[in-house]
Amino acid sequence: MNANYYNNPPQLIPANHLKFHLPYFTPKEVEKLSDKQRGKLSITQEEKARQQACGFIEAVGLGIGFPRKTIATAQNLYHRFHLFFPRKDFGYHDVCLAAIFVSSKMHDTLKKPRDILMVAYAVRFPELAAKAKSMGGEIDMDPATVEQDRQRLLAVERLMLESICFNFTVRLPFPYVIKISRAFGASKKLSKLAYRLAIDSFRTLVNLSYPPHVVALGCLYLAALLQSFERGTSPERPGQHTSHQIAATLSKSGEWGQQFQTHIADIEEIAHAIIDLLISYAQNPAANTSPHTPSSPHPHQLSRGGLGQHQHGHGHGTPAPVYVPYKADQLIRLKIVMRETEHPPRQRESVAAEEPSYDATSSPFYRDEKTVRYMFAPAALVDDPS
């Protein structure tokens, strides 16, 4: 006899703890969680570690041939992971590789852990990669070391999956940049710059706090400011709007806010976060924490050119610096102008049912004897979590 699961559903296993997935956090929540997990690191040291990790993820992702969506999601998973787990407890290589592995599952671009490790070794140890390339083989690593690294990757993967409540749903700002640029009549050059800024946005924490369409609008707004600030007006083409016109439209409230369900204060916060990243790079372009802003390369580009051509040679695995046509003083002047005309920040309420617990010792992530039920949505959107 067939069971009638609709009228008589099976009883759920009793859970000691319910874990609700939060797709986004308020900026205050991100700040509070980051402060707790930062430990003894200063804000500057934490930012440097964050940029180093993002550069490593990008170098490994490009080395494997992953598309931009996989690399961007991995960077965001890294940021989310360290909202819940202290930096001092995990090596950034292990967290980065676990983020890449989970992201490859989320986007169906799956690679085996060993394949990811081999590319990571080539990024971390370029001299061994050059030797292996000359011999026509892969890097010669101790099998015991590879197995230990693989086990650590899988252990961190479990924690990372729990931090997202096993919810593999992911939305990225890249398609929204293209669609919104068309809606505003942006030129191809402006759309391309907004797309590159969207890539850089994953080196910041804005994608933890704002939906992808809001991030896309923030990138378009900053791109329009960059192309119009201290520059003369360019002739308007039929069917297109200039950067000055788009920047003027997005700098004040209007119908676009209701059309795209976006608040002007939010896109200003996103623009400030990304321009801070650009200023840090412009002030120190030789640092290996520099943002990398090209469009996604061909999947086989690195295999043809070799990994060594895309590194500094310091063993940190960060892509080589890319020329940014904006000087630091110009970016700082733009930021000052943005601050003078900015709107007051929007007060956001958390969708979390209760104040998140920051005590790692009581977290279900660290205790195997607890039965945890993971919900794919915030508590307010779950009918009956019991």
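In this text the structure is predicted, and so the values were computed from the model without any measurement. Starting from 1, residues in each chain are numbered consecutively following that chain's sequence as written. Two thresholds apply to this predicted model, a pLDDT of at least 70 for residue-level local features and 80 or more for giving and counting side-chain atom pairs, whereas whole-chain, interface and lining totals are computed over all residues. Calculation of side-chain values draws on the structure's entire complement of heavy atoms; hydrogens and water are dropped beforehand.

Caption draft 1: Seen up close, the overall build of the protein. Counting from the N terminus, the helices are the DSSP runs of H or I reaching at least four residues and the strands are the DSSP runs of E reaching at least two. A tally of helices and strands in the protein yields 16 helices and two strands. With a 1.4 Å probe rolled over the protein chains alone, any residue whose accessible area is under 20% of its type maximum counts as buried; one over 50% counts as exposed, and the rest are partly exposed. Across the 386 residues that make up the protein, the buried fraction comes to 49%. Of the contacts made within the protein by residues no fewer than 6 positions apart, 81% connect residues no fewer than 24 positions apart. Residue burial considers only the protein chains on display, and all accessible areas are found by Shrake-Rupley using a 1.4 Å probe. As displayed, the protein has an accessible area near 20,100 Å², and 54% of this comes from carbon and sulfur atoms. Residues are treated as being in contact if the distance between any of their heavy atoms lies within 4.5 Å.

Caption draft 2: Representation of the packing of aromatic side chains within the structure. Only centres within 6.5 Å qualify two rings of Phe, Tyr or Trp (six-membered ring in Trp) as a pair; their planes then separate them into stacked at under 30 degrees, edge-to-face at over 60, and tilted for everything else. This structure, assessed with the given rule, holds nine aromatic pairs. Taking 5.1 Å as the distance between ring centres and 80 degrees as the angle between the ring planes, the aromatic pair formed by Phe81 and Phe90 counts as edge-to-face. The exposure classification of Phe81 matches that of Phe90, with both residues buried. Note on Phe85 and Phe90: the rings are 5.8 Å apart at their centroids and 80 degrees apart in plane angle, and the pair reads as edge-to-face. Looking at Phe85, the relative accessible area reads 0%, which means it is buried. Judged by its relative accessible area of 18%, Phe90 is buried.

Caption draft 3: Spotlight on unusual backbone geometry. The phi dihedral of Asp108 is positive, around 55 degrees, even though this residue is not glycine. Here Asp108 shows up in the loop between α4 (92-106) and α5 (113-124). Residue Phe166 is not a glycine yet carries a positive backbone phi of 60 degrees. Residue position: Phe166 is located in the loop between α7 (143-163) and α8 (174-183). Judged by relative accessible area, which is 35%, Phe166 ranks as partly exposed.

Caption draft 4: Fine view of the nonpolar core. Ranked by internal contacts, the top residues of the largest apolar core, which has 51 residues, are Phe56, Val60, Phe81, Leu97, Ile100 and Met160. At the level of secondary structure, the elements contributing two or more residues to this core comprise α1 (27-38), α2 (43-64), α3 (68-84), α4, α5, α6 (126-135) and α7. Residue contributions to this core peak at 10 residues, all from α4. Once residues lying within four places of it in the same chain are set aside, the contact partners of Ile100 are Ile57, Val60, Phe66, Ala74 and Ile116. One finds Leu197, Cys219, Tyr221 and Trp256 within the second-largest nonpolar core, a separate group that totals 46 residues. We call a set of buried Ala, Val, Leu, Ile, Met, Phe, Trp, Tyr and Cys residues a nonpolar core when their side-chain atoms join them within 4.5 Å.

Caption draft 5: Inspection of α3 at higher detail. An ideal rise of 1.5 Å per residue puts 24 Å on 17 residues; α3 measures up with 25 Å between its terminal C-alpha atoms. For α3, the buried fraction is high: 16 of the 17 residues fall into the buried class. The span you would expect from a helix comes to 1.5 Å times its residue count less one.

Caption draft 6: Highlighting the packing of helix α11 (residues 212-228) against helix α12 (residues 243-250). Only the contacting stretch of a helix is used when fitting its axis, a line to C-alpha atoms as for every element, and angles between N-to-C directions run 0 to 180 degrees. Where α11 contacts α12, the two axes come as close as 8 Å, and the packing angle between them is 130 degrees. Considering the angle they form, α11 stands oblique to α12. Considering how the two elements wind past one another, α11 and α12 form a crossing that is left-handed. Across the interface between the two elements, Leu217, Leu220, Tyr221, Ala224, Leu225, Gln227 and Ser228 from α11 touch Ser243, His244, Ile246, Ala247 and Leu250 from α12. Side-chain classes are defined by residue name, with Ala, Val, Leu, Ile, Met, Phe, Trp, Tyr, Cys and Pro counting as nonpolar, Asp, Glu, Lys and Arg as charged, and the others, Gly among them, as polar. In terms of residue class, the contact of α11 with α12 is made up of eight nonpolar, four polar and no charged. The labels follow the angle: roughly parallel below 35 degrees, roughly antiparallel above 145, roughly perpendicular from 65 to 115, and oblique for the rest. Two helices crossing with the near one rotated counterclockwise from the far one by less than a right angle form a left-handed crossing, whereas a clockwise rotation gives a right-handed crossing.

Caption draft 7: Representation of the environment of Met106 in the model. By the element assignment, Met106 lies in helix α4. Ignoring any residue separated from it by four or fewer positions in sequence, one finds Met106 in contact with Thr73, Leu77, Asn167, Phe168, Thr169 and Val170.

Caption draft 8: Structural context of the confidence of the model for the protein. Confidence of the prediction at every residue is given by pLDDT, a number between 0 and 100. Averaged over all residues, the pLDDT of the protein equals 80, while 74% of them reach at least 70. pLDDT under 50 marks residues 288-323. Its contacts with residues more than four places away, or in other chains, come to 78 contacts.

Caption draft 9: Here's a closer look at the pattern of salt bridges. Throughout this description, the term salt bridge denotes a Lys or Arg side-chain nitrogen within 4 Å of a carboxyl oxygen of Asp or Glu. Taken as a whole, this structure holds 17 salt bridges when the rule is applied. Where Arg50 meets Glu47, a salt bridge forms, and the shortest distance between an N and an O atom there is 2.6 Å. Here Arg50 pairs with Glu47, and both are found in helix α2, just three residues apart, close to one helical turn. Judged by relative accessible area, which is 7%, Arg50 ranks as buried. A salt bridge links Arg158 to Glu162; its shortest N-O distance comes to 3.3 Å. Residue Arg158 and its partner Glu162 are located together in helix α7, separated by four residues, close to a single helical turn. With relative accessibility at 42%, the residue Arg158 sits in the partly exposed group. The exposure class assigned to Glu162 is buried, which follows from its relative accessible area of 5%.

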